[in-house]
Amino acid sequence: MNAAERNYAIVTASYWGFTLTDGALRMLVLLHFYQLGYSSVTLAFLFLLYEAAGIAANLLGGWLATRYGITRMLTVGLVTQIIGFTLLSLLNPAWTAAMSVAWVVLAQGICGVAKDLTKTASKSAIKVTQAQAKEQGAGQLFRWVAWFTGSKNAMKGIGFFLGGLLLQTLGFQASLWAMAALLALVLLGVVTSLPQMMGKSKASGSAKELFAKNAGINALAAARVVLFGARDVWFVVSLPVFLYSAGWNFTMVGSFLAAWTIGYGLVQALAPSLVRRSSDGLSAEVPAARWWSALLALIPVGLALAVAFQVPALEWVVVGGLCLFGFAFAVNSSVHSYLILAYAGSEKAAEDVGFYYAANALGRFVGTLLSGLLYQWGGLLYALIGSAIMLGLCWLATLALPLSKETSKHHE
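Just so it is clear, the model here is predicted, and its values are computed rather than measured.

Applying the stated criterion to the full structure yields four salt bridges. Arginine 364 is paired through a salt bridge with glutamate 51; the nearest N and O atoms lie 2.6 Å apart. Linking arginine 364 in helix H14 (residues 349-398) with glutamate 51 in helix H3 (residues 48-68), this pair joins segments that are 313 residues apart in sequence. As a salt-bridge pair, glutamate 285 and arginine 277 come within 3.2 Å of each other at their nearest N and O atoms. Taking relative accessible area as the criterion, arginine 277 reaches 27% and is therefore assigned partly exposed. Connected through salt bridges with shared partners, the residues Arg26, Glu51 and Arg364 form a single ionic network.

Right, dumping it as structure tokens:
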């Protein structure tokens, strides 16, 4: 194993550990406050600052990773998550409901910063290590990105199971302590194993320069906002509440969300074998992004019609349709994750990736907010219509993706 492969393996393993606890955290908070009787809209509100914090964390994290090195930002992300878990564990049952919600929102915001600092640094590390391993061929970047992203999402699904198991066996507070201890071990591995200055380069000197991205990155960021908004508009609140109202118990709902996430991650890892490759890395991959976006947009349209006409065994039609959605969404997401690194400049890869994932976080924020609101206004039907509209916008954004790097030159 050469140095690039070793660094890639260490970064991936450390992000696995982080994602495992991040998935468990979401289920811990959702289950714990659901048991306390909080409404679906309030549950969505608990995650809003978590998503909003990611917008700034990605932009700032990319700049910091370029200026101070990827290893340092991974370290900061892991330490921040441990702080968030510790604050959340201090939640006092004697507090008022308003005080409890405010405390959880604050702790979740800190965890949201930690997540996106860690993700930006981790994805940027792949670009750096791939630049060190060009002799392995043009397809290596896509394979590494697909495996990293897919395995990360499968790990998040396992984290959903872990969160429920920990809550049932250890309780809320002890579960958070156990996860903080696990992250402390991951932190020790990162600090002792990765080159301290990995990915360090000259950072942008002004906000204007930081936001002056090339045409490919701008179009991809726009597509990413509506792609992830289109998922979370039904995934965060609408689907769990719909299935529960259809007679599913919470264990069944949680298991389906976990299985969906694991399957989605596995498809992401397999995406390079589903997408035709090109020697230049863009001429086949960009049309694939357009085709898969168009295909994905048709699925919520079909599901919305099924809900509107109340077809028999509706919850199973919805479950089957959303499994199809997960497959097409996973390929879309994987192609996008590859394209951001294909368009990014090697020197400021962390800044470009940070900008892109800030768009990702904005999409999750909008989707989370609309998930609670649309379900309250018109049930799952409105959520699916919202998803279809956003996916139509995603397809339009992919039409602006350049087919070559020459037409999308990076700022210097």
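The structure having been displayed, the exposition proceeds.
Even without being a glycine, glutamine 310 presents a positive backbone phi close to 50 degrees. In this structure, glutamine 310 sits in the loop between helix H12 (285-308) and helix H13 (314-343). One non-glycine residue, alanine 313, lies in the positive phi region at around 50 degrees. Mapping alanine 313 onto the fold places it in the loop between H12 and H13. Its relative accessible area of 49% is what places alanine 313 among the partly exposed residues.

Now for the packing of helix H4 (residues 70-89) against helix H7 (residues 172-193). Their axes nearest at 9 Å, the elements H4 and H7 cross at an angle of 165 degrees. Classed by the angle they form, the pair H4 and H7 counts as roughly antiparallel. Here H4 and H7 pass one another in a crossing that is left-handed. On H7, the residues that touch Thr71, Leu74, Thr75, Leu78, Val79, Gln81, Ile82, Phe85, Leu88 and Ser89 of H4 are Phe172, Gln173, Leu176, Trp177, Met179, Ala180, Leu183, Ala184, Val186, Leu187, Val190 and Val191. Of the residues in the contact of H4 with H7, the class split is 17 nonpolar, five polar and no charged.

Its location among the elements puts arginine 6 in helix H1 (residues 3-35). For arginine 6, a relative accessible area of 37% corresponds to the partly exposed category.

Attention shifts here to empty space enclosed by the protein. A probe matching the size of a water molecule, rolled over the atoms, marks out where space remains unfilled. Tallied over the entire structure, the rule returns five cavities of 30 Å³ or more. Of the pockets and cavities examined, the largest cavity occupies roughly 310 Å³. Every residue lining the largest cavity is counted, 27 residues in all, and those nearest its centre are Lys115, Asn153, Lys156, Arg231 and Arg364. When contributions to the lining of the largest cavity are tallied by element, the ones reaching two or more residues are H1, helix H5 (97-131), helix H6 (140-169), helix H9 (215-235), helix H11 (250-274), H13 and H14. Among the residues forming the lining of the largest cavity, the class breakdown is seven nonpolar, eight polar and twelve charged. Here the second largest cavity defines a volume of roughly 80 Å³.

Our next topic: the nonpolar core. One finds Trp234, Phe325 and Leu339 to be the most contacted residues of the largest nonpolar core, which totals 71 residues. If you tally residues by element for this core, the top one is H13, at 16 residues. Setting aside residues up to four positions removed in sequence, tryptophan 234 forms contacts with Leu239, Pro240, Trp260, Leu322, Phe325, Ser371, Ala383 and Ser387. One finds Ile10, Leu28, Phe85 and Ala258 within the second-largest nonpolar core, a separate group that totals 51 residues.

Summed over all chains, the structure comprises 15 aromatic pairs. For the ring pair tryptophan 248 and tryptophan 316, a centre distance of 5.2 Å and an interplane angle of 40 degrees mean the geometry is tilted. Separated by 68 residues along the polypeptide, tryptophan 248 in the loop between helix H10 (238-245) and H11 and tryptophan 316 in helix H13 bring together distant segments of the chain. Judged by its relative accessible area of 51%, tryptophan 316 falls in the exposed class. Measuring from centroid to centroid gives 5.4 Å for tryptophan 260 and tyrosine 264, while their planes differ by 25 degrees, and the two rings are stacked. One end of the pair, tryptophan 260, and the other, tyrosine 264, are both in helix H11, four residues apart, so they sit about a helical turn from each other. Of the two residues, tryptophan 260 and tyrosine 264, both sit in the buried class.

This part covers the packing of H12 against H13. When two helices pack together, you describe them by how their axes are tilted relative to each other and by the distance separating the axes. Where H12 contacts H13, the axes come no closer than 9 Å and their chain directions differ by 160 degrees. Regarding the angle of H12 to H13, the classification is roughly antiparallel. In terms of crossing hand, the pair formed by H12 and H13 is left-handed. Taken together, the residues of the contact of H12 with H13 sort by class into 23 nonpolar, four polar and one charged.

Right, let's talk about the side chain of serine 89 for a bit. As for its position among the elements, serine 89 is in helix H4. The exposure class of serine 89 is buried, given its relative accessible area of 2%. The contact partners of serine 89, leaving out residues within four places of it in the chain, are Gln173, Leu176 and Trp177.

Parameters at a glance
- Residues numbered from 1 in each chain as written.
- Predicted model: local features only at pLDDT ≥ 70, side-chain atom pairs only at ≥ 80, totals over all residues.
- Heavy atoms only, no water.
- Salt bridge = Lys/Arg side-chain N within 4 Å of Asp/Glu carboxyl O.
- Helix = DSSP H or I, 4+ residues; strand = E, 2+ residues; numbered from the N terminus.
- Buried < 20%, exposed > 50% of the residue type's maximum accessible area, 1.4 Å probe, protein only.
- Axes fitted to C-alpha atoms, helices over the stretch in contact; angles between N-to-C directions.
- Parallel < 35°, antiparallel > 145°, perpendicular 65-115°, else oblique.
- Left-handed = near helix turned anticlockwise from the far one by under 90°.
- Contact = heavy atoms within 4.5 Å.
- Nonpolar A, V, L, I, M, F, W, Y, C, P; charged D, E, K, R; others polar.
- 1 Å grid on protein atoms, 1.4 Å probe; cavity = no way out; pocket = protein on both sides within 12 Å on 5 of 7 lines; lining within 4 Å.
- Points joined across faces, edges and corners; volume = space filled by probe spheres on them.
- Core = buried A, V, L, I, M, F, W, Y, C linked by side-chain atoms within 4.5 Å.
- Phe/Tyr/Trp six-rings, centres within 6.5 Å; stacked < 30°, edge-to-face > 60°.

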